[in-house]
Amino acid sequence: MSLPNMQALAVSSWPHFLIGQPEQPVRVLLVDDDPHMRRVMAQELLADARINLVGQAGSLREGRRLMARHEFDVMLIDLNLGDGTGFQLIEAMKSLRPVAEAVVVSAMEDEEHAIHAFELGATGYLIKNSWFGSFSQAVLQVVNGGASITPNLARRLLRRLGGQGSVQRSAAPKTDAFNGADKLSEREREILRLVATGYTSGEIGKRLAISTQTVNTHIKNVYRKLQVRTRAQAVNQATVRGLLY
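Predicted model only: the values in this text are computed from it and were never measured.

*Asks:* Can you help me understand the overall build of the protein chain in this one?
*Replies:* The secondary structure content of the protein chain amounts to 11 helices and six strands. When burial is assessed residue by residue, the protein chain has 47% of its 245 residues classed as buried. A separation threshold of at least 6 residues defines the contact pool for the protein chain, and within that pool the share at least 24 residues apart is 66%. Counting every atom, the protein chain has about 12300 Å² of accessible surface; 51% of that belongs to carbon and sulfur.

Written out as structure tokens, the structure is:
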């Protein structure tokens, strides 16, 4: 089956309660200094009715200009931008539009780069040579509360983090206090428990009979209170502090 036919089938079977409907597509910015790679990604994104590619850039400077000019939900970012790094662009994006999602698309399959990107607030890390044909899926995953990581890199990260987990959990105090920071409300805990279980924002909204936007607002408040930037970090902090039970 050709890619356009596969995408048409995916659109027709896309659940109505998830973000990314043809009548209200996900707005995407694309920043990559490789014209060929940018063209490959753009062609796939443009072919998916659930996605609206609102702008493209080939440098850090152009990426900053795009962010200031356009409303967007997801940014696909290369790490090597010639005049700067994708890390700088993620930081700028999280400052300007903290609710927007960042997905790194890089040639560097390196755990340190991936971890740094996640620490800055990225929710996806894709390796260029192993992810052709899946950029639309990555966009839709992160905008609906998931994460998108190239599988072999995800396995390596899990191995690495698995060796550290028991030490970190035992070292962290189990307390409901945040050194003076606000405590989570019961609704925020409820939503965070569902996030930890694997539900997307759209699924949480349907389950709790609230809008996806309201869910994302609660999650943003959780980020602020826990002083984190990603859902994974929020779940980890809440778990070691005993806030999910």
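Let us keep going from here.
*Asks:* Got a minute to help me understand the packing of aromatic side chains in this structure?
*Replies:* Two aromatic rings, taken as a pair, are described by how far apart their centres are and by the angle between their planes. Following the criterion strictly, the structure yields one aromatic pair and no others. Between the aromatic rings of F118 and Y125, the centroid separation amounts to 6.5 Å while the plane-to-plane angle is 70°, which identifies the pairing as edge-to-face. In this pair, the class of F118 matches that of Y125, namely buried. When the ring centre of W14 is taken as origin, the NZ or CZ atom of R50, which lies over that ring, is 4.8 Å away.

*Asks:* Looking at this structure, I do not really get the packing of helix 9 (residues 201-208) against helix 10 (residues 212-226). What am I missing?
*Replies:* In a packed pair of helices, the relevant descriptors are the angle between the two axes and the axis-to-axis distance. At a closest axis distance of 8 Å, the pairing of helix 9 and helix 10 adopts a crossing angle of 110°. On the basis of the axis angle, helix 9 is roughly perpendicular to helix 10. Side by side, helix 9 and helix 10 meet where S201, G202, I204 and G205 of the first sit next to T212, V215, N216 and I219 of the second. Tallied by class, the residues present in the contact of helix 9 with helix 10 amount to three nonpolar, five polar and no charged.

*Asks:* Would you mind showing me how to read the environment of H70 here?
*Replies:* Mapped onto the secondary structure, H70 falls in the loop between helix 3 (60-69) and strand 3 (74-77). In this structure H70 comes out as partly exposed when scored by relative accessible area, which is 23%. Sequence separation between H70 and R27 is 43 residues, and the spatial gap between their C-alpha atoms is 9.2 Å. Excluding residues within four positions of it along the chain, H70 makes contact with L29, V54 and R97.

*Asks:* Hey, could you run me through helix 4 (residues 86-96) in this one?
*Replies:* All of the buried residues in helix 4 are G86, F87, L89, I90, A92, M93 and K94. Residues of helix 4 that are buried make contact with strand 1 (26-31), helix 3, strand 3, strand 4 (101-106) and helix 5 (111-120).

Rules behind the numbers
- Residues numbered from 1 in each chain as written.
- Predicted model: local features only at pLDDT ≥ 70, side-chain atom pairs only at ≥ 80, totals over all residues.
- Heavy atoms only, no water.
- Helix = DSSP H or I, 4+ residues; strand = E, 2+ residues; numbered from the N terminus.
- Buried < 20%, exposed > 50% of the residue type's maximum accessible area, 1.4 Å probe, protein only.
- Contact = heavy atoms within 4.5 Å.
- Areas by Shrake-Rupley, 256 points an atom, 1.4 Å probe, with all protein chains shown as cover.
- Phe/Tyr/Trp six-rings, centres within 6.5 Å; stacked < 30°, edge-to-face > 60°.
- Lys NZ or Arg CZ within 6 Å of the ring centre and 35° of its normal.
- Axes fitted to C-alpha atoms, helices over the stretch in contact; angles between N-to-C directions.
- Parallel < 35°, antiparallel > 145°, perpendicular 65-115°, else oblique.
- Nonpolar A, V, L, I, M, F, W, Y, C, P; charged D, E, K, R; others polar.

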